[in-house]
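The chain contents come next:
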Amino acid sequence: MIGLLRGKILGNQPPRLLRDVHGVGYEAAAPMPTFYDLPEVGAEVTLFTHLAVRDDAHTLYGFVKVTDRDLFRSLLRVNGVGAKLALTILSGMDTQTFVGCVQEGNSDTLVRLPGVGKKTAERLIIELRDRLDDFSGVAATSAGGIASTVDNPVEDAVSALVGLGYKPNEASRMVRGIETRDMSSEGIIRLALQSTAK
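Residues numbered from 1 in each chain as written. Predicted model: local features only at pLDDT ≥ 70, side-chain atom pairs only at ≥ 80, totals over all residues. Heavy atoms only, no water.

Asker: Just give me the short version of the pattern of salt bridges, but keep the residues and values in it.
Answerer: Under the counting rule described, the total for this entry stands at 4 salt bridges. Linking Arg 69 and Asp 70 is a salt bridge whose minimum nitrogen-to-oxygen distance equals 3.7 Å. With a shortest N-O distance of 3.7 Å, Asp 108 and Lys 118 are connected by a salt bridge. Pair noted here: Asp 108 is in helix H5 (residues 107–110) and Lys 118 is in helix H6 (residues 118–128), with a separation of 10 residues, a long-range link. Since its relative accessible area comes to 45%, Lys 118 is described here as partly exposed. (Salt bridge = Lys/Arg side-chain N within 4 Å of Asp/Glu carboxyl O. Helix = DSSP H or I, 4+ residues; strand = E, 2+ residues; numbered from the N terminus. Buried < 20%, exposed > 50% of the residue type's maximum accessible area, 1.4 Å probe, protein only.)

What follows is the structure, given as structure tokens:
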């Protein structure tokens, strides 16, 4: 199991980021809060990782905060929640809000996340309620800007939202309602996700 990687950021295009670790390029999928906390391309970063091994693929997931990785692993233990849905949940809602929803039994807020229906929300509450005590004091993720590495941040934002599970027309509609001038793709994505969580 690969649990931690330290290396230079070669590129980031949500939901994937690429790091150079002693000459080896590791690509990892990451939730949006991880991208908010990353330094600029070329800087060194330490990521806590989770390696998912299947018959057809080995997929690496990366997190700046160990609590986010631990919550990701807790989500994977929930019946019917795979890595893609877990990543979408962590991208659409900060850790503190998610933990609060589960502990309060607030399924109405959870179903606003893409891919989370009523039954999935109820399973999250039932199966995680007693497992999240260690996360109760986690502060909400603060979103910081990082430099965009693409020519068209609007298109990149739409692509990233599609990668997180939104339908293309839904992702376009989410971005259309945002004043995107002079914004990075990460800023656009953050505002789009915040609008769905309200």
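Asker: Describe in detail the nonpolar core, supporting the description with residues and values.
Answerer: In this structure, Leu 75, Phe 98, Leu 110 and Leu 124 are the most contacted members of the largest nonpolar core, which totals 28 residues. If you tally residues by element for this core, the top one is helix H3 (residues 83–92), at 6 residues. Contacts of Leu 124, omitting those with residues within four sequence positions, involve Leu 75, Val 78, Val 81, Ile 89, Phe 98, Val 102, Val 116 and Arg 129. One finds Ile 9, Leu 17, Met 32 and Tyr 166 within the second-largest nonpolar core, a separate group that totals 24 residues. (Core = buried A, V, L, I, M, F, W, Y, C linked by side-chain atoms within 4.5 Å. Contact = heavy atoms within 4.5 Å.)

Asker: Any details on the environment of Val 116? Residues and values, ideally.
Answerer: Here Val 116 is to be found in the loop between H5 and H6. Judged by relative accessible area, which is 5%, Val 116 ranks as buried. Residues Val 116 and Val 81, spaced 35 residues apart in sequence, show a C-alpha to C-alpha distance of 9.3 Å. Other than its neighbours up to four places away in sequence, Val 116 contacts Leu 85, Ile 89, Leu 110, Val 111, Ala 121 and Leu 124.

Asker: I'd love a proper account of the packing of helix H7 (residues 153–163) against helix H8 (residues 168–176), names of residues and values included.
Answerer: In contact at an axis separation of 9 Å, H7 and H8 are set at 135° when each is read in the N-to-C sense. Considered as vectors, H7 and H8 are oriented oblique to each other. Remark: the crossing between H7 and H8 carries right-handed chirality. Along its contact with H7, which presents Val 154, Ala 157, Val 158, Leu 161 and Val 162, the element H8 presents Pro 168, Ala 171, Ser 172, Met 174 and Val 175. Among the residues forming the contact of H7 with H8, the class breakdown is 9 nonpolar, 1 polar and no charged. (Axes fitted to C-alpha atoms, helices over the stretch in contact; angles between N-to-C directions. Parallel < 35°, antiparallel > 145°, perpendicular 65-115°, else oblique. Left-handed = near helix turned anticlockwise from the far one by under 90°. Nonpolar A, V, L, I, M, F, W, Y, C, P; charged D, E, K, R; others polar.)

Shape descriptors only; they carry no functional weight alone.
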